[in-house]
Amino acid sequence: MLISGGVSLRWSKQVGFLRVGWRRIEAPTWLLWVFTYTAWGFLTWNATRLPWWLVIGLGGIAVCLHGSLQHEALHGHPTRIPLINSVLAILPIGLWMPYTVYRDSHLAHHCCAKLTDPSSDPESFYVLASRWRRWPRWKQRLYEFNNTLLGRMLLGPWLVVATFWADTLRELRAPDFPHRSAWALHLVLLTLIGVWLAFCGVPLWLYIVGFAWPGLSLTLLRSYYEHRTAGGPDHQSVIVEGSWITRLLFLNNNFHAIHHARPGVPWYELPQYYWPQHEAVLENNDGFRFRGYGELWRYYGLRAKDSPVYCDSAVP
């Protein structure tokens, strides 16, 4: 019994040491990077030989997961060396935004004192009332539909990309535009992706429809109701508990209130900051919680979650 107990204790210590070492080198994140790029390469290589519905489904998942990994990279994972993280994340398989522009925008979002305020939050989906009043009615209707979950996933990708590129083109005229080198590198990397797609025999339209658009659509599912305008800073970030599928796809960023409170915590550790103390977390964020994305669909699939016009006192 003593020998058996000693062996069991040593085995337990070895397993514990391996578990700590596994997480210390951030092996889960490294493995996901390898898996994501391998899956993307396989899917693009076989895109013209696979059923279209499988390409759209798996291609969108690969692009969305890559975006989630880019989010990890800008928050300092899997290494403490920003250059290595940037090299991992910089390939723009989602096509539309340079990684460094996303990084700077998202870090500014985390530093924003008034989340959702379009005058200070670069990731706000709201519109200032003064701007809204100048818009034609058709454009207002467009943004109202975009505030339903169906609208965000169908229309959102085109609206987000068009708005971002229009703003970028205006900013390019300024002599002090800060992201010229980022865009130059982005164009080079897009050319390399284009060469790879041509080598695989994948037309650009198929890649946009099968990979880039559904990938961004899935990302917008995650970000649809991450923040609300009502309440103080602690009450504005959501918890979406979700299934293991969405938690993996979004790398636990659905625990968004936890992420904003602890932005440096790696994705695989976020659940342990929520589940053991979920009642305290929900009390702190005023109960801003959904059980999963199915619940979001039931509430807001065809109904706008709130007005697209920004208002400090708005209640969702």
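Below: a short report on this structure. All values derive from a computational prediction rather than experimental measurement. (Residues numbered from 1 in each chain as written. Predicted model: local features only at pLDDT ≥ 70, side-chain atom pairs only at ≥ 80, totals over all residues. Heavy atoms only, no water.)

1. Here we look at helix α9 (residues 156-172)
Quick reminder of the rule: Put simply, DSSP H or I for four residues or longer makes a helix, DSSP E for two residues or longer makes a strand, and each gets a number counted from the N terminus. The length a helix should cover is 1.5 Å for every residue beyond the first. To sort residues, take the accessible area from a 1.4 Å probe on protein chains only and compare it with the maximum for the residue type: under 20% means buried, over 50% means exposed, and anything in between is partly exposed. By definition, residues are in contact when any of their heavy atoms lie within 4.5 Å.
Between its first and last C-alpha, α9 extends 24 Å over 17 residues, near the 24 Å set by a 1.5 Å rise per residue. Buried within α9 we find Gly156, Pro157, Leu159, Val160, Val161, Phe164 and Thr168. Residues of α9 that are buried make contact with α5 (99-111), α7 (137-146), α8 (149-154), α10 (180-200) and α11 (204-223).

2. Description of the environment of Thr38
Structurally, Thr38 is set in helix α2 (residues 27-45). Residue classification places Thr38 among the exposed residues on the basis of a relative accessible area of 51%.

3. Concerning the packing of aromatic side chains
Cut-off, in case you're wondering: Whether two aromatic rings pair depends on their centres lying within 6.5 Å, for rings of Phe, Tyr and Trp, where Trp uses its six-membered ring; planes under 30 degrees apart make the pair stacked, over 60 edge-to-face, and the rest tilted.
Using the criterion set out here, one finds 25 aromatic pairs in the structure. Plain terms: the ring middles of Trp33 and Tyr37 are 5.6 Å apart, the flat faces sit at 20° to each other, and that makes the pair stacked. A residue pair is termed a helical-turn pair when its members lie 3 or 4 positions apart in one helix, as Trp33 and Tyr37 do in helix α2 at 4 residues. Residue Trp33 is classed as buried on the basis of its relative accessible area of 2%.

4. Considerations on the nonpolar core
Stated precisely, the cut-off is as follows: Remark: nonpolar core denotes a set of buried residues (Ala, Val, Leu, Ile, Met, Phe, Trp, Tyr, Cys) joined through side-chain atoms within 4.5 Å.
Residues Trp96, Tyr225, Phe290 and Leu296 are the most contacted members of the largest nonpolar core, which totals 40 residues. Counting residues per element, this core draws most heavily on helix α3 (residues 52-74), at 5 residues. Core analysis: the next-biggest nonpolar cluster, separate from the first, contains 16 residues, Leu43, Val55, Val63 and Tyr207 among them.

5. Details of the packing of α3 against α11
Convention followed: Orientation is described by lines fitted to C-alpha atoms, with helices fitted over the stretch in contact, and by angles between N-to-C directions that extend from 0 to 180 degrees. Relative orientations are named as follows: roughly parallel for angles under 35 degrees, roughly antiparallel for angles over 145 degrees, roughly perpendicular for angles from 65 to 115 degrees, and oblique for any other angle. In this scheme, a crossing is called left-handed if the near helix is turned counterclockwise away from the far one by less than a right angle; it is called right-handed if the turn is clockwise.
Two elements in contact, α3 and α11, have axes separated by 7 Å at closest approach and are oriented at 55°. Accordingly, the angle class assigned to the pair α3 and α11 is oblique. Regarding α3 and α11, the two cross each other, and that crossing is right-handed. When α3 is examined against α11, the residues Val55, Ile56, Gly59, Gly60, Ile61, Val63 and Cys64 are found in contact with a partner set consisting of Tyr207, Val209, Gly210, Phe211, Ala212, Pro214, Gly215, Leu218 and Thr219.

6. Remarks on a nonpolar patch on the surface
Where we set the bar: Patches were defined on residues exceeding 30% relative accessible area and lacking a salt bridge, with like-charge contacts within 9 Å and nonpolar side-chain contacts (Val, Leu, Ile, Met, Phe, Trp, Tyr) within 5 Å. Note on areas: Shrake-Rupley, 1.4 Å probe, and residue coverage restricted to the protein chains presented here. In what follows, salt bridge is the name for a side-chain nitrogen of Lys or Arg lying within 4 Å of a carboxyl oxygen of Asp or Glu.
Together, Trp30, Ile81, Leu83, Ile84 and Val87 make up an exposed nonpolar region whose accessible area comes to about 480 Å². Residue contributions to the nonpolar patch peak at 3 residues, all from helix α4 (residues 82-89). Along the chain, Trp30 turns up in helix α2. The class of Trp30 is partly exposed, set by a relative accessible area of 33%.

7. Points about unusual backbone geometry
The omega torsion across His77 and Pro78 is 10°, close enough to zero to call that bond cis. Within the secondary structure, Pro78 is located in the loop between α3 and α4. Residue Glu26 is not a glycine yet carries a positive backbone phi of 55°. Within the fold, Glu26 resides in the loop between α1 (2-24) and α2. On the basis of relative accessibility, which here comes to 10%, the residue Glu26 falls in the buried class.

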